[in-house]
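# Reading the structure
Okay, here's what each chain looks like letter by letter:
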Amino acid sequence: MSTSTALISGLIRDVPDFPKPGVIFKDITPLLAQAPAAKGLHHAYLGGLVEHILGCLSLARTAARLHKSLDRSLLLAAAAIFSQKDGTKTPVRRSGCRLAAGTSMLPCFLD
């Protein structure tokens, strides 16, 4: 195992029996806290990715509150996916694993 792989593995937390017994949820929040959102300027510092994701989720929550006809769950899911896109033309279906990072933060926005 390479040094970078060991470092990344050390930042992923196991949460046993979540969301149901027998399932081990892989919490990547500590990993996100170590990641910048970009190489330069916009949130380009440690923890910048988490700040960027939460900012996008906050904007989606505000939009849903102001525009009652919008689907709040859909907006939050879209914000979580969008905030983690890297600017390439990667289709959303290939980015599905990225959604897991955003959804671990969604419960605080669903109240």
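Whatever comes next refers back to the structure up there.
One structure accompanies this document, and this report is about it. What you see is a predicted model, and the numbers here were worked out from it, not measured in a lab.

Attention now moves to the side chain of His-43. Tracing the sequence through the fold places His-43 in the loop between helix H2 (29-32) and helix H3 (48-66). For His-43, a relative accessible area of 17% translates into the label buried. The residues touching His-43, leaving out its near neighbours within four places in the chain, are Pro-36, Ala-37, Ala-38, Gly-48, Glu-51 and His-52.

What follows covers the packing of aromatic side chains. Overall, the coordinates contain one aromatic pair when judged by the stated rule. Arranged with centres 5.4 Å apart and planes meeting at 80°, the rings of Phe-18 and Phe-25 form a pair that is edge-to-face. You can call Phe-18 partly exposed: its relative accessible area is 43%. Residue Phe-25 is classed as partly exposed on the basis of its relative accessible area, which comes to 23%.

One recurring pattern in soluble globular proteins is that nonpolar side chains are buried together. Core analysis: the biggest nonpolar cluster contains 11 residues, these being Leu-32, Ala-35, Leu-49, Val-50, Ile-53, Cys-56, Leu-57, Ala-60, Leu-76, Ala-79 and Ala-80. Counting residues per element, the ones that place at least two in this core are H3 and helix H4 (72-82). With six residues, the single largest contributor to this core is H3. Beyond its immediate stretch of four places on either side in the chain, Cys-56 contacts Ala-79, Phe-82 and Ser-83.

Below, the discussion takes up the pattern of salt bridges. One pass over the full model with this rule turns up two salt bridges. For Arg-13, the salt bridge identified is with Asp-27, shortest N-O distance 2.2 Å. One end of the pair, Arg-13, is in strand S1 (residues 13-16); the other, Asp-27, is in strand S2 (residues 24-27), and 14 residues separate them in sequence. Since its relative accessible area comes to 45%, Arg-13 is described here as partly exposed. The exposure class assigned to Asp-27 is buried, which follows from its relative accessible area of 7%. Residue Lys-26 is joined to Asp-14 by a salt bridge in which the shortest nitrogen-to-oxygen separation is 2.7 Å. Here Lys-26, found in strand S2, pairs with Asp-14, found in strand S1; they are 12 residues apart in sequence, far enough to count as distant.

Rules used throughout
- Residues numbered from 1 in each chain as written.
- Predicted model: local features only at pLDDT ≥ 70, side-chain atom pairs only at ≥ 80, totals over all residues.
- Heavy atoms only, no water.
- Helix = DSSP H or I, 4+ residues; strand = E, 2+ residues; numbered from the N terminus.
- Buried < 20%, exposed > 50% of the residue type's maximum accessible area, 1.4 Å probe, protein only.
- Contact = heavy atoms within 4.5 Å.
- Phe/Tyr/Trp six-rings, centres within 6.5 Å; stacked < 30°, edge-to-face > 60°.
- Core = buried A, V, L, I, M, F, W, Y, C linked by side-chain atoms within 4.5 Å.
- Salt bridge = Lys/Arg side-chain N within 4 Å of Asp/Glu carboxyl O.

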